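# Fold and geometry: a report
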Amino acid sequence: MRIPLSHLATLASLLALASWLAPIASAAEPAPATPPSPAINPDGWPVHDPARPVPPLATPRPAEALAPASIPPTGAVILFDGTDLSAWQNPAWLVRDGTFEVTPKAGNLITRQSFGSCHLHLEWSAPLPVKGSGQGRGNSGVFLMDRYEIQILDNHDNPTYADGYVGAVYGQHPPLANAVRPPGEWNTYDIFFHAPLFSAEGKLREPAAVTVVLNGVVVQNNAEFYGLSTWKKVAVYSAHPPAAPLRLQDHGDRVRFRNIWVVPTPELPAK
Ligand code: MG
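Residues numbered from 1 in each chain as written. Predicted model: local features only at pLDDT ≥ 70, side-chain atom pairs only at ≥ 80, totals over all residues.

### Here we look at the overall build of the chain
In terms of helices and strands, the chain carries 2 helices and 14 strands. Pairs at least 24 residues apart make up 65% of the contacts formed inside the chain by residues separated by at least 6 positions. (Helix = DSSP H or I, 4+ residues; strand = E, 2+ residues; numbered from the N terminus. Contact = placed C-beta atoms within 7 Å.)

Written out as structure tokens, the structure reads:
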């Protein structure tokens, strides 16, 4: 069959149009469900990047092995010994059976006393029955100096973005390992915190740093905070007093706590 020349010209135009449209079509493909944040941390990773490798699993040490070190040492400030919430400014959470539990929407729990550098010991347990997924499962957190969050999350068979895992310096440093116990079991945190130092003019002289041991496994090793904990943003510093309360987060999940104490530690001189 002979095709008239005019028809061939039309066919060529259509092919040209199709090749021009192809890149537009691929550019219009649906975006990933959780696009990476445009905020980039100083280590080069986008904040809450879902593509960042998640921490490897680690076996928690047996609870019996950790029990002796859970007894508060001389000089410790007891924040909860199983009886009441008198060490806290707003004791709105439920105390029962030697534990207390987040009461959703009752707000965060904040200590009466302020602390700077310290060793904080606390034990917590993610709720049963299991509910939700990702950041919506057994989420709480401990904010050192009311500002610097170490994440509490039920990461047992529950992946999320790496810098939001249990033991993360939230939004900044993923934990070195995932050493969480299953929900309903008790996890032990020992947190060794260096408060940041600011000049009289409010300029940062030394960043805050933290070592975190979860169930006997080191999950942060002297990690430096980029700034105050935040969400979907790069953290920055804002000068604050040398001591501030501890805060436990009400993230809407009934996380339980027990045996909380703090040993204040000397501030290091600026380098
Ligand atoms: Mg949290």
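### Observations regarding the sheet that holds strand E4 (residues 109-115)
Strands in a sheet are paired, the pairing made by backbone hydrogen bonds, and the direction either parallel or antiparallel. An order of E4-E13-E6-E7 is seen for the 4 strands of this open sheet, with the pairing classed as antiparallel. Across the chains shown, the open sheet's two edge strands, defined by having one partner strand only, are E4 and strand E7 (148-152). Taken pair by pair, the neighbouring strands of this sheet meet at an average axis angle of 20 degrees, ignoring direction. (Pairing = 2+ DSSP bridges. Axes fitted to C-alpha atoms, helices over the stretch in contact; angles between N-to-C directions.)

### So, the pairing of strand E14 (residues 256-264)
In terms of strand pairing, strand E1 (residues 77-80) meets E14 through 3 bridges, oriented antiparallel. Note that in E14 the partner of Val77 across the bridge is Val262. Two elements, strand E3 (residues 99-101) and E14, share 2 bridges in a ladder whose sense is antiparallel. Residue Phe100 lies in a different strand from E14, and its bridge partner there is Phe257.

### Looking at the nonpolar core
Counting residues in each nonpolar core, the largest one holds 52 residues, and the members touching the most others are Val142, Val210 and Val212. Counting residues per element, this core draws most heavily on strand E11 (residues 209-214), at 5 residues. Other than its neighbours up to four places away in sequence, Val210 contacts Ile150, Val169, Ile191, Phe192, Phe193, Gln220 and Ala223. (Core = buried A, V, L, I, M, F, W, Y, C linked by C-beta atoms within 7 Å. Buried ≥ 20, exposed ≤ 12 C-beta atoms within 10 Å, placed from the backbone.)

### Concerning the confidence of the model for the chain
Regions with low pLDDT carry predicted coordinates that are not meant to be interpreted in detail. Counting all residues, the mean pLDDT for the chain is 89, and 86% of those residues have values of 70 or more. With pLDDT under 50 throughout, residues 1-28 is counted as low confidence; its partners more than four residues away or in other chains account for 1 contact. (pLDDT = per-residue confidence, 0-100.)

### Topic: unusual backbone geometry
Of note, the amide linkage connecting Leu128 to Pro129 takes the cis form, showing an omega dihedral of -5 degrees. Within the element layout of this structure, Pro129 appears in the loop between strand E5 (118-125) and strand E6 (140-144). In the Ramachandran plot, Asp157 falls in the positive-phi region, its phi being about 55 degrees despite a non-glycine side chain. Along the chain, Asp157 falls in the loop between E7 and strand E8 (187-194).

### Concerning the environment of Thr111
Looking at where Thr111 falls in the secondary structure, it is placed in strand E4. Exposure remark for Thr111: the 20 C-beta atoms within 10 Å place this residue in the buried category. Separated by 26 residues in the primary sequence, Thr111 and Leu85 place their C-alpha atoms 9.2 Å from one another. Ignoring any residue separated from it by four or fewer positions in sequence, one finds Thr111 in contact with Leu79, Ala87, Trp88, Pro245 and Leu246.

### Topic: the environment of Thr188
When you line up the elements, Thr188 lands in strand E8. Here Thr188 falls in the buried class, since 22 other C-beta atoms lie within 10 Å of it. Considered as a pair, Thr188 and Leu66 are 122 residues apart in the sequence and their alpha carbons are 8.1 Å apart. When residues no more than four places from it in sequence are discounted, the contact partners of Thr188 are Leu66, Ser70, Glu123 and Asn215.

### Section: the pairing of E8
Of all 8 residues making up E8, 6 are buried, and the element is well covered by its neighbours. Across 7 bridges, the pairing between E5 and E8 is antiparallel. Bridged to Leu120 within E8 is Ile191. Pairing of E8 with E11 involves 6 bridges; the strand directions are antiparallel. Among the inter-strand pairings, Phe192 is bridged to a residue of E11, identified as Thr211.

### So, the environment of Ala162
Position of Ala162 among the secondary structure elements: in the loop between E7 and E8. Remark: the alpha-carbon pair of Ala162 and Pro53, spanning 109 residues in sequence, is separated by 6.5 Å. Other than its neighbours up to four places away in sequence, Ala162 contacts Arg52, Pro53, Val54, Pro55 and Pro174.

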